[in-house]
Amino acid sequence: MNRVVASAPGKVILFGEHAVVYGEPAIAAAIRRRVYVSVEEIATDRIEIESRNLKIRESMRLEKCTRGELEGVSAELKPLWHLCHKMLELHGHPLKHGLRVEIRSEIPESAGLGSSAALATALALALKEIFSVDMSPNDIWNIAFESEKIVHGRPSGIDNTLSLHGGVILYRKGSMKRIRLGQTIPLVVGDTGVSRSTGKMVARVRMLREKYPDVIEEVIRAIGRLSLLSVQALVDGDLEKLGDLMNINQGLLEALGVSSPEISMLVNAARKAGALGAKLTGAGGGGCIIALPAKNAINNVVESIKRVGRDAFLAEIEFEGARIESGGAHG
Ligand code: PMV
């Protein structure tokens, strides 16, 4: 029986989180940490989903999933059940067997590194191969985005775009442009270890914007301008300028109320250890920071974050998006 393994990368947002929700541009990069999804046909009439990281395993009759009767599934796996249902609904019922879905992830969850979008994208790609159906990259994007909406409410789509395509992009709702880097950028990711919900953080900014529209609109527009300014700095490989822009962006995110004491602690630790710039990445309120170390300061920055008791690692930029690792039409 068929078995397919697909994977998709996580991401960091370099500039523009939150502002992107209001139509401003953001800059984001895929990172070399992936979610792997294995989908295997099994000789039952059921679908089983197991997440090794979350230590959750659920199972449901194929017929029930096809009809979209998803009551009783866990909140964690609901987006995946929904995605399986949509695939079955869209493509009829091409399966003669049940399916076993296994997930393994190198990306910490709920940390702003796009793990849920990577998971949905890899699952959509693996199911497409197992179903042997034609789906364009746009179709994969759409079905993964539908599932992402269950996690985040009103996501901008930036995570899905990077999981699917990889690389570094200038993203605006509905459009993306690739950026060619002048030189590789060493990025250190520091994890506060505090989990947060993107939906709640987005709602917090929305409320602040409703309360103080004139001021918050200006902050959001200024963040959008930072994203645009950073494009040339990325192309030129101007690390000093990128660091400055990251520090300004962090200040503006603080103004939006999405930083936290833990984030500030890691940002300060990174800057003291020789980071040219440091800021939160993703929704904030916890999750991760990114720091741009000066040449020769990479280890110092990683160690400095570890010394305050948090995990840190060097994140290389990943230029390849979602891909089939084994099985399916590709081998
Ligand atoms: O923390 P993440 O990876 O879910 O990123 C959220 C980024 C926001 O701009 C805050 C929301 C969005 O959908 O773009």
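Scroll up to find the structure.
Residues numbered from 1 in each chain as written. Predicted model: local features only at pLDDT ≥ 70, side-chain atom pairs only at ≥ 80, totals over all residues. Heavy atoms only, no water.

Student: Please provide a residue-by-residue account of helix α9 (residues 261-272), values included.
Tutor: In this model α9 runs 16 Å from its N-terminal to its C-terminal C-alpha over 12 residues, within 8% of the 16 Å that 1.5 Å per residue would give. Burial in α9 covers these residues: Ile263, Leu266, Val267, Ala269 and Ala270. For α9, the buried positions fall inside an angular range of 160° around the axis, keeping them on one side. Facing away from the buried side of α9 by over 90 degrees, the exposed positions are Pro261 and Lys272. Where the residues of α9 are buried, they touch β8 (187-191), α8 (239-255), β9 (275-281), β10 (288-293) and α10 (298-307). (Helix = DSSP H or I, 4+ residues; strand = E, 2+ residues; numbered from the N terminus. Expected span 1.5 Å × (residues − 1). Buried < 20%, exposed > 50% of the residue type's maximum accessible area, 1.4 Å probe, protein only. Arc of directions from axis to C-beta. Contact = heavy atoms within 4.5 Å.)

Student: Outline the pattern of salt bridges, supporting the account with residue identities and numerical values.
Tutor: A pair can form between side chains of opposite charge whenever their charged atoms are brought close. All chains considered together, the criterion is met by 19 salt bridges. Residue lysine 279 pairs with glutamate 17 through a salt bridge whose shortest N-O separation is 2.9 Å. Of this pair, lysine 279 sits in strand β9 while glutamate 17 sits in the loop between β1 (3-15) and β2 (26-42), and the two are 262 residues apart along the sequence. Taken individually, lysine 279 and glutamate 17 each receive the classification buried, so the pair is uniform in this respect. (Salt bridge = Lys/Arg side-chain N within 4 Å of Asp/Glu carboxyl O.)

Student: Please set out a negative patch on the surface residue by residue, giving values where relevant.
Tutor: There is a patch of like negative charges on the surface, built from Asp236, Asp238, Glu240 and Asp244. Its place among the elements puts aspartate 244 in helix α8. (Patch = residues over 30% accessible without salt bridge, like charges linked within 9 Å, V, L, I, M, F, W, Y side chains within 5 Å. Areas by Shrake-Rupley, 256 points an atom, 1.4 Å probe, with all protein chains shown as cover. Lys, Arg positive; Asp, Glu negative; His and termini not counted. Charge placed at Lys NZ, Arg CZ, Asp CG, Glu CD.)

Student: Tell me about the layout of surface pockets, and please be specific about residues and values.
Tutor: The calculated volume of the second largest pocket comes to roughly 160 Å³. If you trace the second largest pocket, you find it lined by Pro137, Asn138, Trp141, Ser156, Thr161, Leu164, His165, Tyr171, Gly174, Ser175 and Met176. Going through the elements one at a time, α4 (137-152), α5 (158-165) and β7 (175-178) are the ones with two or more residues in the lining of the second largest pocket. Of the residues assigned to the lining of the second largest pocket, the class counts are 5 nonpolar, 6 polar and no charged. (1 Å grid on protein atoms, 1.4 Å probe; cavity = no way out; pocket = protein on both sides within 12 Å on 5 of 7 lines; lining within 4 Å. Points joined across faces, edges and corners; volume = space filled by probe spheres on them. Nonpolar A, V, L, I, M, F, W, Y, C, P; charged D, E, K, R; others polar.)

Student: Kindly report on the sheet that holds β10, identifying the contributing residues and their values.
Tutor: Read from one edge of the open sheet, 4 strands run β9-β10-β8-β11, paired in antiparallel fashion. Of all strands in the sheet, those with a lone pairing partner are β9 and β11 (311-315), marking the two edges. On average, adjacent strands in this sheet sit at an angle of 25° to one another, irrespective of strand direction. Bridge analysis of β8 against β11 gives 5 bridges, and the strand direction is antiparallel. Paired with valine 189 across the strands is phenylalanine 313, a residue of β11. Sheet contacts for α8: β9 and β10; angle to β9, the most-contacted strand, approximately 35°. Relative to β9, α9 is tilted by about 165°, and along the sheet it contacts β8, β9 and β10. (Pairing = 2+ DSSP bridges. Axes fitted to C-alpha atoms, helices over the stretch in contact; angles between N-to-C directions.)

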